[in-house]
Amino acid sequence: MLSKRMEDALNRQINEELYSAYLYQAMSAWAEAENYKGAAKWMAAQAKEEVEHAAKFYNFILERGGKVKLLAIKQPPSEWKSLLEIFEAAYEHEKHITKCINDLYELATRERDYSTQVFLHWFIEEQVEEEAQTLEIAELLRRAGDSTNAILMIDAKLGARE
Ligand SMILES: [Fe+2]
Ligand SMILES: [Fe+2]
């Protein structure tokens, strides 16, 4: 059985993951409108993954006999100045999510909730990748600077994502 505190914290994480999906979908819409088709596709795929993350928490709560409570999702921004700004913001957001996962793990440790600790291992590993890939793209875009050609090459590379 989940403790009330653990259940509340896991429900808040469903919301964090759904907000991530919302944020990345908003970034995808911006990129699409700016004709960065590759980045639009990349961000749409990322948004879909975040919905899957939310579903993992949702299913875990139910499996443990807890109660799922869906909270209001806040409105993400809709305006950015550049592709670089988007990926810098995505990297910052992923660092925030890593902190959320670490806080959940700390709570699970304090509560001696071993199954939640094991469940969170997947997310701890996933966050290493999430931070690394957004940082890598941001660094490439930083290097591209104002070169339209370089930016479009990066955009094409992002479009290769499955
Ligand atoms: Fe996530
Ligand atoms: Fe993520």
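Predicted model only: the values in this text are computed from it and were never measured.

Participant: I tried to follow the overall build of the chain on my own but got confused; where do I start?
Facilitator: Of regular secondary structure, the chain possesses five helices and zero strands. When the helices and strands of the chain are read in sequence order from the N terminus, they spell out α-α-α-α-α. Out of the 162 residues belonging to the chain, those deemed buried represent 33%. Counted over contacts in the chain with a minimum sequence separation of 6, partners at least 24 positions apart contribute 76%.

Participant: Quick question: what am I supposed to make of unusual backbone geometry here?
Facilitator: What you tend to see is this: most non-glycine residues have negative phi, and most peptide bonds are trans. A positive phi angle, near 70 degrees, is found at Asn35, a position not held by glycine. Here Asn35 is to be found in the loop between helix H1 (4-33) and helix H2 (37-63). A positive phi angle, close to 55 degrees, is found at Arg112, a residue other than glycine. Among the structural elements, Arg112 can be located in the loop between helix H3 (83-110) and helix H4 (114-144). The exposed category is assigned to Arg112, around which 9 C-beta atoms lie within 10 Å.

Participant: Which parts of the structure should I look at to understand H4?
Facilitator: Note that an α-helix has 3.6 residues per turn; residues three or four places apart therefore point the same way. The end-to-end C-alpha distance of H4, which contains 31 residues, comes to 46 Å, matching closely the 45 Å that a straight helix rising 1.5 Å per residue would cover. If you look at H4, its biggest bend is around 30 degrees, right at Leu120. What H4 keeps buried is the set Thr116, Leu120, Phe123, Glu130, Thr134, Ile137, Ala138 and Leu141. Buried residues belonging to H4 abut H1, H3 and helix H5 (148-158). The positive-phi residue at the C-terminal boundary of H4 is Gly145, with phi of around 55 degrees.

Participant: Whenever I open this one, H5 confuses me. Can you help?
Facilitator: Considered for burial, the residues of H5 that qualify are Ile154, Asp155 and Leu158. Along the long axis of H5, the arc covered by the buried residues comes to 105 degrees, so they all point the same way. Residues of H5 that are buried in the fold lie against H2 and H4.

Participant: Quick question: what am I supposed to make of the packing of H2 against H5 here?
Facilitator: For any two helices packed against each other, the geometry comes down to the angle between their axes and how far apart the axes lie. In contact at an axis separation of 7 Å, H2 and H5 are set at 40 degrees when each is read in the N-to-C sense. Viewed along their axes, H2 and H5 form a crossing whose handedness is left-handed. Here Lys37, Gly38, Ala39, Lys41 and Trp42 of H2 lie close against H5, whose contacting residues are Asp155, Ala156, Lys157 and Leu158.

Participant: Quick question: what am I supposed to make of the nonpolar core here?
Facilitator: A general tendency of soluble globular proteins is for nonpolar side chains to be buried together. By size, the foremost hydrophobic cluster in this structure holds 37 residues, and its most contacted members are Met27, Ala31, Ala39, Met43, Leu83 and Phe87. Looking at this core, the elements with two or more residues in it are H1, H2, H3, H4 and H5. The greatest single-element share of this core, amounting to twelve residues, is contributed by H1. Each residue touching Ala31, except ones within four places of it in the same chain, is listed here: Tyr36, Ala39, Ala40, Met43, Leu83 and Ile86.

Participant: Looking at this model, I keep getting lost on the environment of Glu49. Mind explaining?
Facilitator: Examined against the element boundaries, Glu49 turns out to sit in helix H2. The partly exposed category is assigned to Glu49, around which 15 C-beta atoms lie within 10 Å. A C-alpha to C-alpha distance of 10.0 Å links Glu49 and Leu18, two positions 31 residues apart in sequence.

About the thresholds
Residues numbered from 1 in each chain as written. Chains lettered and ligands numbered in written order. Predicted model: local features only at pLDDT ≥ 70, side-chain atom pairs only at ≥ 80, totals over all residues. Helix = DSSP H or I, 4+ residues; strand = E, 2+ residues; numbered from the N terminus. Buried ≥ 20, exposed ≤ 12 C-beta atoms within 10 Å, placed from the backbone. Contact = placed C-beta atoms within 7 Å. Expected span 1.5 Å × (residues − 1). Bend = angle between axes of the 7 residues up to and from the residue. Arc of directions from axis to C-beta. Axes fitted to C-alpha atoms, helices over the stretch in contact; angles between N-to-C directions. Left-handed = near helix turned anticlockwise from the far one by under 90°. Core = buried A, V, L, I, M, F, W, Y, C linked by C-beta atoms within 7 Å.

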